[in-house]
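Chain by chain, the residues:
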Amino acid sequence: MVFVFCLERYKCHVHKCEIHDLTANCSYKELRNVPNDLPDGIVVLDLKFNVIHRIDGDVLGKYRNLKTLHLDNNNISFLPTNAFDGLEHLHGLFLTNNNLDFSVSYEVDVFRPLKRLEMLDIRHNMKKGYTSKVQYPLFENLSNLKELSLDLIDDPGFDNCGFEKLQNITKIVFENCDLRLILNNTFAMLPENLEEIHLRKCNMIRSIEADAFRSLRNLKTLIIHDSNMTLESALKLLFPFENKQMRRIQLTRVNPGYKCPIETPSAVILTRQMMQHLQKICFNTLVLTENGIVDFEPKSLLWNRYPECIQHIELSGNRFSLINGFKLTELWDISRKLTNLISFDMSYNPLSYRNVGQNIKILHDNKLSNFNSIFWKDTESDKPLCLVKRNSVTPARESPVQTVHLPLPPNLRQIRHRYYLANQQLRNKIVFLNASNLTYLDVAYVNIKHFPEIELKGENNIKYIDFSGIPSWNTSMSLFANSTTVILGFTGIWQTVQHTRHYFSFIPEVEELDISGNLLWQLRYDTFFYNQKLRKLIMQGNLFDELPTALMPLEKLNFLDFSGNILDSINATMRNWLDKQQKRNGTFKLFLRGNIFKCTCGTKDFIRWLFETNIEFDEPTKQYKCMLSNGSITTTIKVYQKFHDYFSICHNEIWLRVGIGLLVSFITITVPLAIIINFKWQITYWFYRKFRKAVETELKKKFVYDIYLSYSNQSLYWVKNLLMPKIENCWKMKMCLEDRDISVGDAYVDAICDSIQQSRNIIFVITKDFSDKHWGRFEIERAKYEKYASNLQKIIIITRQVPVENFPTEFEHILNDVILINWSEAENENDWENLRRALIADIL
């Protein structure tokens, strides 16, 4: 392509690159060389995911204003001395996932021109193991370097790479780590001013010496992630920082079991000896996640010499409890000392504890001791309910305790306890004490026998609540009184929300609400009457076939996620309301992915509105799935681009209908009028008898079943395990099955006739062996009779891999009166949607 200069701002294409403002995006373009005809003034050049093999020295120097250069995921194997000449303003250089070998790929002075470089990333380049010492590149010219990310090979040579001259570096990330041993001198040459070090993806560490980080006197952050070492060895590295202050200690997936073909972390029990170094450090944040911890000894995990330093604790992804045995005592003691704790996270914790609270043993210094400060207390007496005397074990009272008082650290703001899976029953009520600073509560998808009621003692300042996935929560509604963000996805509220006035009145302050996955298909008009502050509403994954008018009172709403429903269009009333919201609030975002719209004459106004409105959509190009009148699937953008071709017939249909209407009206008026004049008495008497009888019969008509189901033995498993649960349990329709609801006897034929007559619809599941069914042909003939007698509303035929020769011939003359669904072998979701659409109009 020819380069076009765009005055002050670039917005054009060069070669295959996209230029916008001062950024050149050349990623994923299959380039073999750095393009040399980009605008000279660009400051960002992105060349990720190409096939560049070499950096020629006279190319990059043209772009002297570059501040960021991405060369990740290419095939670069050599960097000549002049590779970066002229890039004096470069701040960030990224060369990950190439073939840059430390021993042969870097010229000595290759980084000399990069005087202002602050971030260098050369990870994931060493593709082979080494048995001898390999010298790292020379970094001494990067005087302004702050962050360095690189591979860590076994026996690394740091002695001649100039680390001592990097006075501004604060962070080093070692990834793709092949160390076997971490010795006391392994990191001795690293800069003393380092504040943060990462060890990521270490594959084969077998032994660790405790003084490995002795030279890093200023280290504030230590992160070890996804590494093949024992947790005990990793904790040993903390020895040099005893009685010092650190910002963050993070050990994630530190367990040899995560490096096996099948991730099976070894079970870890924390001991006082393992935790001895960590306990003597004044740290702000502790992260011990996914380490295979299944239990801990007394005074190990829940003990620290400097509890006032701790602000954040995350223990997610392990398998231990905090509410059995001695842990209750320690939790009580430590909660009072964590005066500055801000957040606590113990999510994704699968347990299987039974009879919690019974046969409790209190272990302290390997001896049984007094236990008189347990906080399981009775509401009336406020006395401990589990008392264990010295040298004895007393089981807890078997009767359920009404209230549990749980003291929180005074400054705790966030509790995150998602996906807690346990075979246990919590007490009927939990009262949080000292909870005035709590603003964030996340207990989504907690799976226990009985979810307890939660109550706050004192002022309620909770702003964020997530109760997703808890179908039977009975928490006091006052807990939600001041919440601005409420998430109630997959809570099974569909039965109550659709029939309760002002259902969401318990969250009057809510600004963001998520009710996804609740099987909702309609809402009362006053559902959101008390939610006038609502700005963001997420309703994805429900069963709405139209936008509910219950949204219209929400004047501040500017974000609506309606993806994953069954919308086929948006009617004129709701389109006008959406446009008003756009004008009222300045911007409105509407998410519609996952819906299949109709592109027919009846929805052409919706298609036009979709491309003319100023509302922002989750598909910027408006490329949503669309079903044409012939049943084929296309996209809305294709229909709009050929709008006249698709909808020109709609105007012809209007005039055709007008003409036919006039003709029919003329015939309808004149012919009957002539007949009536000549046979007025005979007609009057005939209508009197026939019409009156038909009306009386119709008035008395009552359906016992929604569906009569006819199937053969080959379909029995599919009907029993898929079709019947879907229709009866999910769609709440009543079915009549021959094997279940019709008793065998002398009047079996009459029973079939009565059952079909008492059914609103009939479904035939046709398979290869349907013709062998004893009563199949009779059921077809009876269905035809009831259809012609206007007693049966719909005949639906589901074919399941049935050859043409096996299709019952009895349907030959009524194919125009049936709904035929060809069921796919892969159980496509569209098949269920087609069946539901065929039935829903008569059920709702």
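Residues take numbers from 1 onward in each chain, read along the sequence in its written order. pLDDT decides what is reported in this predicted model: residues at 70 or higher carry local features, side-chain atom pairs at 80 or more are listed and counted, and totals for whole chains, interfaces and linings draw on all residues regardless. To get the side-chain values, take all heavy atoms of the structure and skip hydrogens and water.

## A closer look at the confidence of the model for the protein
Regions with low pLDDT carry predicted coordinates that are not meant to be interpreted in detail.
Then, number 1: One confidence number per residue, pLDDT, is output by the predictor and ranges from 0 to 100. Chain-level pLDDT for the protein is 83 on average; 86% of the residues reach the 70-or-more range.
Then, number 2: We call two residues in contact whenever any of their non-hydrogen atoms come within 4.5 Å of each other. Residue range residues 1-13 is modelled with pLDDT below 50. Its contacts to residues more than four positions away, or to other chains, number 24 contacts.
Then, number 3: Throughout residues 353-399 the model reports pLDDT below 50, and contacts reaching past four residues in sequence, or to other chains, amount to 84 contacts.

## A look at the pattern of salt bridges
Then, number 1: Whenever Lys or Arg places a side-chain nitrogen within 4 Å of a carboxyl oxygen from Asp or Glu, that contact is recorded as a salt bridge. For the coordinates displayed, the defined rule picks out 39 salt bridges.
Then, number 2: Between Asp568 and Arg837 there is a salt bridge, with its nearest N and O atoms 3.9 Å apart. With Asp568 in the loop between strand E35 (559-561) and helix H5 (572-585) and Arg837 in helix H14 (residues 829-843), this pair connects stretches of sequence that are 269 residues apart.
Then, number 3: One salt-bridge network, held together by shared partners, links Asp121, Arg123, Glu175, Arg200 and Lys201. Working definition: helices are DSSP H or I runs of at least four residues, strands are E runs of at least two. Numbering for both runs from the N terminus.

## Here's the deal with a nonpolar patch on the surface
Then, number 1: Patch membership requires over 30% relative accessible area and the absence of a salt bridge. Like charges are linked within 9 Å, and nonpolar side chains (Val, Leu, Ile, Met, Phe, Trp, Tyr) within 5 Å. Every accessible area reported is derived by Shrake-Rupley at a probe size of 1.4 Å, with residue values counting cover from the shown protein chains alone. A cluster of nonpolar side chains, namely Leu663, Phe666, Ile667, Val671 and Ile675, defines an oily patch on the protein surface of about 470 Å² accessible area.
Then, number 2: In this structure, Ile667 sits in helix H8 (residues 643-678).

## Things to note about the sheet that holds strand E39 (residues 625-628)
Then, number 1: Pairing between strands is defined by DSSP: at least two bridges between them are needed. The three strands lie next to each other as E37-E39-E40, forming an open sheet whose pairing is mixed. Two strands lie at the open edges of the sheet, namely strand E37 (597-599) and strand E40 (633-635), each paired on one side alone. Neighbour to neighbour, the strand axes of the sheet diverge by 45° on average, direction disregarded.
Then, number 2: When E39 meets E40, the two strands line up antiparallel, connected through three bridges. By the bridge assignment for E40, Lys625 is matched with Thr635. Angles run from 0 to 180 degrees between N-to-C directions of axes, and those axes are lines fitted to C-alpha atoms, restricted for helices to the stretch in contact.

## Brief notes about the sheet that holds strand E45 (residues 818-823)
Then, number 1: Strand order in the open sheet made by the five strands is E42-E41-E43-E44-E45, with parallel pairing throughout. Two strands close off the open sheet at either side, each with one partner strand: strand E42 (735-737) and E45. Here the average twist between neighbouring strands, direction ignored, is 25°.
Then, number 2: With six bridges connecting them, strand E43 (residues 759-766) and strand E44 (residues 794-800) associate as parallel partners. Across the sheet, the residue bridging to Phe764 is Ile797, located in E44.
Then, number 3: Across the sheet, helix H10 (residues 716-730) lies against strand E41 (705-710), E42, E43, E44 and E45, angled at about 160° from E42, the strand it touches most.

## Describing the nonpolar core
Then, number 1: If you look at the biggest cluster of nonpolar residues, it comprises 179 residues, and the most contacted ones within it are Leu45, Phe84, Phe139, Phe187, Phe467 and Phe504.
Then, number 2: A total of five residues in this core trace back to one element, the largest contributor, which is helix H6 (residues 604-612).
Then, number 3: Contact partners of Leu45, with chain neighbours within four places excluded, come to Ala24, Cys26, Val34, Leu38, Leu60, Leu66, Thr68, Leu69 and His70.
Then, number 4: Counting 22 residues, the second largest nonpolar core, distinct from the first, contains Tyr711, Val719, Met733 and Ala838. Side-chain atoms within 4.5 Å link the members of a nonpolar core, which is a set of buried Ala, Val, Leu, Ile, Met, Phe, Trp, Tyr and Cys residues. Note on exposure labels: buried denotes an accessible area under 20% of the residue type's maximum, exposed denotes more than 50%, and partly exposed covers the range between, all computed with a 1.4 Å probe on protein chains only.

## Observations regarding the environment of Phe432
Then, number 1: Take Phe432: it is sitting in strand E28 (residues 429-433).
Then, number 2: What makes Phe432 buried here is its relative accessible area of 8%.
Then, number 3: Each C-alpha atom, one on Phe432 and one on Leu406, is 5.0 Å from the other, the two residues being 26 residues apart in sequence.
Then, number 4: In this structure Phe432 touches Leu406, Leu408, Ile415, Ile454, Glu455, Leu456 and Lys457, once residues within four positions along its chain are discounted.

## As for the packing of H5 against H6
Then, number 1: At a closest axis distance of 11 Å, the pairing of H5 and H6 adopts a crossing angle of 15°. It follows that H5 is roughly parallel to H6 by the angle criterion. Handedness of the H5/H6 crossing: left-handed. Contacts between H5 and H6 involve Arg575, Leu578 and Asp579 from the first element and Asp605, Phe606 and Trp609 from the second.
Then, number 2: Amino acid classes used here: Ala, Val, Leu, Ile, Met, Phe, Trp, Tyr, Cys and Pro are nonpolar; Asp, Glu, Lys and Arg are charged; the rest, including Gly, are polar. Residue classes in the contact of H5 with H6 are distributed as three nonpolar, no polar and three charged. We call two directions roughly parallel when the angle between them is under 35 degrees, roughly antiparallel when it is over 145, roughly perpendicular when it lies between 65 and 115, and oblique otherwise. Two helices that cross are described as forming a left-handed crossing if the nearer one is turned anticlockwise from the farther one by less than a right angle, and a right-handed crossing if clockwise.

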